[in-house]
Amino acid sequence: DDEKVEAVNALLRRHFRPEFLNRIDDIVVFHPLTREHIARIVDIQIRNLAKRLEDRQLKIRLTDAAKTRLAEEGYDPAYGARPLKRAIQRLILDPLAMKILSGNAGIGTCVIITVENGDFTFQVEVPQAA
């Protein structure tokens, strides 16, 4: 990896003036995210979303198929995790917000998110009174 760092340093010296390079403290080389990385990020992002929804006493649960589909939709090695964040917004958060605003999902419910025929589906479960 020292050879790669030196190659990057040489490239920077050819393209930028010494005055600019002198302001840089360190060079960090990022490697593209793999599908496995994206799958782990999906889990982290969904856990964070679930924590935010706890305040509203609302639960969500994604099936493995839904997590896999999100990872597929959000995978782009050139752009890192940004496409994943947009995919979660478009495919999960926006439809979930519509469920909440329409009154279909509310306090004490659990929204189960899965994939059927390539599309995300949202099933609202209301707990049975004991």
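Residues numbered from 1 in each chain as written. Predicted model: local features only at pLDDT ≥ 70, side-chain atom pairs only at ≥ 80, totals over all residues. Heavy atoms only, no water.

Q: Run through the environment of Leu11, naming residues and quoting values.
A: Inspection of the secondary structure puts Leu11 in helix α1 (residues 2-15). Relative accessible area serves as the criterion here: at 40%, Leu11 is assigned to the partly exposed category. (Helix = DSSP H or I, 4+ residues; strand = E, 2+ residues; numbered from the N terminus. Buried < 20%, exposed > 50% of the residue type's maximum accessible area, 1.4 Å probe, protein only.)

Q: Mind laying out unusual backbone geometry, listing which residues take part and the relevant values?
A: One non-glycine residue with positive phi stands out, namely Gln57, at about 55 degrees. Tracing the chain through its elements places Gln57 in the loop between α3 (35-54) and β1 (59-62). One non-glycine residue, Asn117, adopts positive backbone phi at about 55 degrees. For Asn117, the position within the fold is in the loop between β2 (110-116) and β3 (119-125).

Q: Lay out a nonpolar patch on the surface in plain terms, naming residues and giving numbers.
A: A surface patch of nonpolar side chains, about 460 Å² in accessible area, is lined by Val5, Phe16, Phe20, Ile24, Ile27 and Val29. Here Ile27 is to be found in the loop between α2 (18-21) and α3. Judged by its relative accessible area of 32%, Ile27 is partly exposed. (Patch = residues over 30% accessible without salt bridge, like charges linked within 9 Å, V, L, I, M, F, W, Y side chains within 5 Å. Areas by Shrake-Rupley, 256 points an atom, 1.4 Å probe, with all protein chains shown as cover. Salt bridge = Lys/Arg side-chain N within 4 Å of Asp/Glu carboxyl O.)

Q: Let's hear about the side chain of Thr114: which residues, and what values?
A: One can find Thr114 in strand β2. A distance of 3.0 Å separates the side chain of Thr114 from the side chain of Thr63, its partner in a polar contact. Look past the residues within four positions of Thr114 in its chain and what remains in contact with it is Thr63, Ala66, Asp119, Phe120 and Thr121. (Polar contact = N/O pair within 3.5 Å; in protein donor to acceptor, adjacent residues only side chain to side chain. Contact = heavy atoms within 4.5 Å.)

Q: Tell me about the pairing of β1, and please be specific about residues and values.
A: Residues of β1 alternate between two faces, with Ile60 and Leu62 buried on one and Lys59 and Arg61 left unburied on the opposite face. Two elements, β1 and β2, share 4 bridges in a ladder whose sense is parallel. Within β2, the residue paired with Arg61 across the bridge is Ile112. (Pairing = 2+ DSSP bridges.)

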